[in-house]
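# Architecture and fold: a report
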Amino acid sequence: DAQGFAELLWSRTDAIQGIPAERWSLDALYAEDPDAPGKMTTRFGGFIDQVDRFDAEFFGISPREAASMDPQQRLMLQVSWEALEDAGHAGPELAGSRTGVYLGVSNNDYGRALFAHRELIDAYFSTGNAYSVVAGRLSYFLGLQGPAVVVDTACSSSLVALHQACAALRAGECDMALSGAVNLILTPEMNINFSRARMMAPDGRCKTFDAAADGYVRGEGCAVLVLRRLSDALAQGDRVLAVVRGSALNQDGRSGGLTAPNGPAQEAVLRAALASARVPARAIGYVEAHGTGTPLGDPIEVGALGAVLGEGRSAAQPLPVGSVKTNIGHLEAAAGMAGVIKVVLAMQRREIPPHLHFHTGSPHIAWDRLALTVPTQVMPWAPI
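Rules behind the numbers
- Residues numbered from 1 in each chain as written.
- Predicted model: local features only at pLDDT ≥ 70, side-chain atom pairs only at ≥ 80, totals over all residues.
- Heavy atoms only, no water.
- Helix = DSSP H or I, 4+ residues; strand = E, 2+ residues; numbered from the N terminus.
- Rg over C-alpha atoms; globule rule 2.2 N^0.38 Å.
- Contact = heavy atoms within 4.5 Å.
- Areas by Shrake-Rupley, 256 points an atom, 1.4 Å probe, with all protein chains shown as cover.
- Lys, Arg positive; Asp, Glu negative; His and termini not counted.
- Charge placed at Lys NZ, Arg CZ, Asp CG, Glu CD.
- Patch = residues over 30% accessible without salt bridge, like charges linked within 9 Å, V, L, I, M, F, W, Y side chains within 5 Å.
- Salt bridge = Lys/Arg side-chain N within 4 Å of Asp/Glu carboxyl O.
- Buried < 20%, exposed > 50% of the residue type's maximum accessible area, 1.4 Å probe, protein only.
- Polar contact = N/O pair within 3.5 Å; in protein donor to acceptor, adjacent residues only side chain to side chain.
- Pairing = 2+ DSSP bridges.
- 1 Å grid on protein atoms, 1.4 Å probe; cavity = no way out; pocket = protein on both sides within 12 Å on 5 of 7 lines; lining within 4 Å.
- Points joined across faces, edges and corners; volume = space filled by probe spheres on them.
- Nonpolar A, V, L, I, M, F, W, Y, C, P; charged D, E, K, R; others polar.

What follows covers the overall build of the chain. In terms of regular secondary structure, the chain is built from 13 helices and 11 strands. The C-alpha radius of gyration computed for the chain amounts to 21 Å, which stays within 12% of the reference 21 Å derived for 384 residues, consistent with globular compactness. Overall, the chain is about 60 × 60 × 40 Å in size when its C-alpha atoms are taken along their principal axes. Counted over contacts in the chain with a minimum sequence separation of 6, partners at least 24 positions apart contribute 77%. Within the structure as shown, the chain displays about 17,800 Å² of accessible surface, and the carbon and sulfur contribution to it stands at 54%. One way to put it: in the chain the 31 positive side-chain charges average out to a point 5 Å from where the 40 negative ones average out.

Let us look at a nonpolar patch on the surface. A surface patch of nonpolar side chains, about 330 Å² in accessible area, is lined by Leu230, Leu234, Val240 and Val243. Taking the relative accessible area as the measure of exposure, Val240 reaches 36% and is therefore partly exposed.

Let us look at unusual backbone geometry. Of note, the phi angle at Arg12 is positive, near 60°, even though the residue is not glycine. Mapped onto the secondary structure, Arg12 falls in the loop between α1 (2–10) and β1 (17–18). Although it is not a glycine, Glu332 adopts a positive phi angle of roughly 55°. On the secondary structure map, Glu332 appears in the loop between α12 (325–328) and α13 (335–349).

So, on to the side chain of Ser97. Within the fold, Ser97 resides in the loop between α3 (71–87) and β3 (99–104). Judged by relative accessible area, Ser97 falls into the buried class, the value being 19%. Here Thr99 takes part through its side chain, which lies 2.8 Å from a polar atom of the side chain of Ser97. Non-local contacts of Ser97, meaning those with residues more than four positions away in its chain, are made with Gly143, Leu144, Gln145 and Gly146.

A few words on the sheet that holds strand β8 (residues 319–322). Here we have 3 strands laid out as an open sheet, ordered β7-β8-β10, and parallel in their pairing. Either end of the sheet is taken by a strand with one partner, and the two such strands are β7 (287–288) and β10 (372–373). Pairing analysis gives 2 bridges linking β8 to β10, with the strands arranged parallel. When the sheet's bridge partners are listed, Leu319 is paired in β10 with Leu372.

Here the focus is the layout of surface pockets. Volume-wise, the second largest pocket comes out at about 260 Å³. Partitioned by chemical class, the residues of the lining of the second largest pocket number 6 nonpolar, 2 polar and 4 charged.

What follows is the structure, given as structure tokens:
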């Protein structure tokens, strides 16, 4: 929950562990050579315990149907219910309401595993493994009649879902929205793929912004936000944790490669987000970066942040920049939502938690020309 996540962040906890034996036999699949066919170069990840456990009866689902459901669907049902309870809106009051569901999902390990065993495919397979049903089942269970949308834009999926949910609320398409994402690592194929692409850090650590950055480690997670228009939340006495002032969306377009980031495009979307929020660059007190820990992506992102948010900022008061991936790894579709929740917790505490695994700044980042700093200790965050 949020409190447990805060304790993890402020205690400088690195939640990465060895790949659990119940996921797959690592010894048969590991190799140091990234060119070894069918092998992975990592032994690590950020894993959720007991993802096979599910209270099917609570959600009105038979054990037989539950067996064909992607655990990502099960986890989303659980965490969404917990989020609504925390917001004071759980239960039958939402049935028939104009509540939207906007989720980020980009992985389907469970369905791929079932495909390998055709004898296990039953009548519930399609609904149990379709991306669309991750949102649709939540709307069905709660009786929600707002939009139900699943977004797959890879690592930005959860932030795009949040952007769409906020736009729908502002446009009056819904009166409340659940925005979240989920990512589970249940089979080894993508680890093998990312290893062949040289994306994985051999030591299983996201060394974001550091000279030793050599890739990332994959992580699991599920997170859900309950969103309302601020005027409605205040009128009904809701507990308001944070306000989304604005957001923006674009694409890299043509860059150095299909998966390579584009600095000018990142600068453009940052300026658009500031304009949407009607906030000057100098008012930003902290940035939770994408920050995967790759030698190519980190310098491009930091360069864009410095160019836009460093304007008018003195070197004596640099902008803190961090990444939650140093604690829990890269949650892929859910990565952005983990970062948003970290920022909300930091705002509540008026403290920025420490960024891990940073010792020597990347030589590919012009630290002397950018008014940026990496908070390696707990840092006070006073309102501007």
